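Tertiary structure, described
Chain by chain, the residues:
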Number of protein chains: 2
Amino acid sequence: MASAGTQTKELENDNACCVQLCNPNIATLKEDVLYHFGLSTSTHDLPAMFGDVKFVCVGGSPSRMKGFIKYVAAELGLGHPGEDHPNICAGTDRYAMFKVGPVLSVSHGMGVPSIAIMLHELLKLLYHARCSGVTIIRIGTSGGIGLKPGSVVITRQAVDAYFKPEFEQVVLGKRVVRRTDLDERLVQELSECSADLREFTTVVGNTMCTLDFYEGQGRLDGALCCYTERDKQAYLQAAHAAGVRNIEMESSVFAAMCSACGLRAAVVCVTLLDRLEGDQICSPHEVLAEYQQRPQRLVGHFIKKCLAGA
Amino acid sequence: MASAGTQTKELENDNACCVQLCNPNIATLKEDVLYHFGLSTSTHDLPAMFGDVKFVCVGGSPSRMKGFIKYVAAELGLGHPGEDHPNICAGTDRYAMFKVGPVLSVSHGMGVPSIAIMLHELLKLLYHARCSGVTIIRIGTSGGIGLKPGSVVITRQAVDAYFKPEFEQVVLGKRVVRRTDLDERLVQELSECSADLREFTTVVGNTMCTLDFYEGQGRLDGALCCYTERDKQAYLQAAHAAGVRNIEMESSVFAAMCSACGLRAAVVCVTLLDRLEGDQICSPHEVLAEYQQRPQRLVGHFIKKCLAGA
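Residues numbered from 1 in each chain as written. Chains lettered and ligands numbered in written order. Predicted model: local features only at pLDDT ≥ 70, side-chain atom pairs only at ≥ 80, totals over all residues. Heavy atoms only, no water.

Considerations on helix α8 (residues 285-309) of chain A
Helix length check: α8 of chain A (25 residues) gives 37 Å between terminal C-alpha atoms against 36 Å at 1.5 Å per residue, within 8%. For α8 of chain A, the full list of buried residues reads Leu288, Tyr291, Gln292, Arg294, Pro295, Gln296, Arg297, Leu298, Val299, Gly300, Phe302 and Ile303 of chain A. (Helix = DSSP H or I, 4+ residues; strand = E, 2+ residues; numbered from the N terminus. Expected span 1.5 Å × (residues − 1). Buried < 20%, exposed > 50% of the residue type's maximum accessible area, 1.4 Å probe, protein only.)

So this is what it looks like as structure tokens:
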């Protein structure tokens with residue numbers, strides 16, 4: 001049995017790594033409706049449902065996040081083979097959420113606003129559920145710069161379309177700029193997991209987060225385009241020189257919000273194409289499907305390793 | 001039988017209102033993969049599938065857009081009662097698309113980046129299908145300012161978080177600002193349809209489009225919040241004074257892109273709450289469900305009236 005001193009220390013450690021909100025109002029709310037999840041503190045026992053969550057994995061597509069929970073359940077030997085994992089957010093079609101043991105898998109749609117709504121409600125959910133020591137990882141798809149398609153990028157820094165490690169938003173009509181720090185040690189740990197697996201190329205690099213998939217990423221094949229192939233190549237080469245290895249649409253706000261609330265956060269994305277070679281994603285469906293499993297395999301291995309060492 | 005002169009004139013009229021892209025590259029592509037729709041010019045006969053489309057309705061939620069096609073099919077007397085309307089984008093879970101007669105219904109997820117990806121691919125789809133005379137209407141949900149919940153707002157101007165009728169994006173590392181014009185006559189026609197129906201309050205007003213649902217709209221109940229109720233009220237009152245009657249997250253890029261490509265475009269959103277009174281959406285599910293049908297009823301009536309007068 002632990003001594004009183006040890007217990008106090010454990011409690012302190014536990015409190016120290018609790019999910020913290022940057023909003024004093026939430027503690028005073030009588031009810032908190034997590035509208036886009038279809039959950040509420042008055043209708044759902046959030047501590048009972050989510051109190052044991054230690055790993056949250058998020059990604060754009062609901063079916064991919066369902067596939068991930070199935071994969072992780074099998075990897076961790078949790079649940080029965082062939083078991084169905086019900087969508088916890090079945091009351092809404094905005095997001096999908098699945099859970100097995102300490103792992104929560106949530107979809108976030110595409111783009112900064114869509115993932116931001118999800119993160120506001122997810123962070124409040126983890127707070128209401130009194131979760132502690134949570135690691136959150138975005139597992140996604142991206143366009144690579146100078147990488148063979150199918151390569152996996154672990155994000156060192158999330159940068160904006162000017163290659164700056166900043167996330168800018170407008171709050172009450174004023175520009176607010178936040179840092180986009182990610183956990184350095186987590187980058188290292190994930191990198192080691194990839195070395196354990198030896199299944200695919202993995203690099204650590206900067207990830208550019210844009211607000212648009214076509215013009216915002218210099219594509220020549222959108223409905224609107226007022227620049228040339230040469231302009232595009234110059235921009236992508238400048239991004240590469242700034243350390244950018246892939247481009248996606250959620251990492252900056254993900255990094256900003258998770259670090260503000262004290263979560264250890266990482267971004268692991270596979271590249272579906274090399275943007276220096278083209279704009280369209282033309283690989284066969286089964287090739288793309290296998291690429292999309294790579295971040296899942298990497299993160300699945302990471303979770304297994306963490307739990308084995310716990 | 002029409003004379004050659006009449007035929008030429010009809011052809012000219014038809015070409016004049018064809019969907020035009022602002023990108024010369026598309027006409028030279030051998031294949032165009034509309035990746036997020038799971039459609040391609042080489043695997044799908046887009047003119048045969050979509051050539052007769054005259055009305056496109058878009059909204060955030062896939063299930064709501066499925067409900068809309070069912071409603072419109074019944075209203076227009078198309079298809080058989082109880083008929084299932086298959087999702088044309090069944091190969092992907094990014095967006096859902098349904099069609100009945102000249103009406104296309106497409107989901108766009110939440111936020112500017114998500115709707116922008118959809119619009120790039122939708123505009124290219126309409127172009128490849130050689131559609132002409134297309135009207136596009138976003139039917140959505142929003143937060144009202146100074147309006148009774150359940151009121152419907154037809155957007156006069158889409159404005160940004162500084163109340164300016166502009167849409168700003170970053171293209172190749174440079175800020176580009178586009179106008180957010182909507183079709184004035186269409187606003188008038190939709191307004192008349194609401195007067196025909198007399199079922200709910202409808203106003204014409206400006207719509208503020210933000211990149212965030214919580215801090216970006218001055219909510220006090222997000223995971224992050226560093227301002228007071230008083231600051232929030234001052235911001236919303238300033239918005240009201242600038243003619244803003246509701247707040248949502250897609251109208252500015254929708255207006256900018258559709259007007260650039262020559263589509264008659266409108267935004268019709270119901271307000272789920274009055275933001276001067278609170279931030280949380282707490283109304284019972286069935287009340288919210290009825291509210292969400294209001295833009296559908298208005299736009300369904302509009303389409304019926306257009307087709308009757310055609």
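Quick notes on the interface of chain A and chain B
Facing 70 residues of chain A, the contacting portion of chain B comprises 70 residues. Both faces combined, the contact of chain A with chain B buries some 5,800 Å², and carbon together with sulfur accounts for 57% of it. Counting across the interface, chain A meets chain B through four salt bridges. The salt bridge involving glutamate 215 of chain B is made with arginine 178 of chain A; its shortest N-O contact spans 2.6 Å. Run the count over chain A and chain B and you get 27 residue pairs in polar contact (both at pLDDT 80 or more). Of all the secondary-structure elements, those providing two or more residues to the side of chain A that touches chain B are α3 (62-76), α4 (112-128), β8 (166-171), β9 (174-179), α6 (229-241), α7 (251-260) and α8 of chain A. In terms of residues, the side of chain A that touches chain B owes the most to one element, α4 of chain A, which gives nine residues. (Contact = heavy atoms within 4.5 Å. Buried area = accessible area lost by both parts, 1.4 Å probe. Salt bridge = Lys/Arg side-chain N within 4 Å of Asp/Glu carboxyl O. Polar contact = N/O pair within 3.5 Å; in protein donor to acceptor, adjacent residues only side chain to side chain.)

Section: the UniProt feature "binding site: substrate" (unreviewed entry) in chain A
All names here are of chain A. With numbering aligned to this structure, UniProt lists the feature "binding site: substrate" (unreviewed entry) at Gln217 and Arg219. Assignment of secondary structure puts glutamine 217 in the loop between β10 (202-209) and α6. Here glutamine 217 falls in the buried class, since its relative accessible area comes to 2%. Discounting chain neighbours no more than four positions away, the residues touching glutamine 217 are Thr210, Asp212, Leu236, Ile247, Glu248, Met249 and Arg275. Examined against the element boundaries, arginine 219 turns out to sit in the loop between β10 and α6. Beyond its immediate stretch of four places on either side in the chain, arginine 219 contacts Phe213, Tyr214, Cys225, Tyr227, Leu273, Arg275 and Asp279. (UniProt positions renumbered as here; feature names shortened; annotations may be inferred.)

A word on the pairing of strand β9 (residues 174-179) of chain B
Residues and elements named next belong to chain B. Bridge count between strand β8 (residues 166-171) and β9: six bridges; the pairing is antiparallel. Bridge assignment links valine 171 to a residue of β9, and that residue is lysine 174. Counted between consecutive antiparallel strands, the loop separating β8 from β9 contains two residues, among which leucine 172 sits at a positive phi close to 50 degrees. (Pairing = 2+ DSSP bridges.)

What about the packing of aromatic side chains?
Residues and elements named next belong to chain A. Taken as a whole and assessed by the stated rule, the structure comprises eight aromatic pairs over all chains. Between phenylalanine 55 and phenylalanine 302, the aromatic rings sit 6.3 Å apart at their centres with planes inclined by 90 degrees, giving edge-to-face as the arrangement. Taken together, the residues span a long stretch of sequence, with phenylalanine 55 in strand β3 (residues 55-59) and phenylalanine 302 in helix α8 at a distance of 247 residues. Like phenylalanine 55, the residue phenylalanine 302 is buried in the burial classification. In this structure, arginine 219 packs its charged tip against the face of phenylalanine 213, placed 3.8 Å from the ring centre. (Phe/Tyr/Trp six-rings, centres within 6.5 Å; stacked < 30°, edge-to-face > 60°. Lys NZ or Arg CZ within 6 Å of the ring centre and 35° of its normal.)

A short note on the state of the cysteines
All names here are of chain B. Counted under the stated rule, the structure contains zero disulfides over all chains. Here cysteine 209 is not disulfide-linked; the sulfur of cysteine 269 is the nearest cysteine sulfur, at 9.9 Å. A disulfide-free cysteine, cysteine 258 has its sulfur positioned 7.6 Å from the sulfur of cysteine 261, the nearest such atom. Of the residues examined, cysteine 258 reaches a relative accessible area of 0% and is grouped as buried. (Disulfide = S-S within 2.5 Å.)

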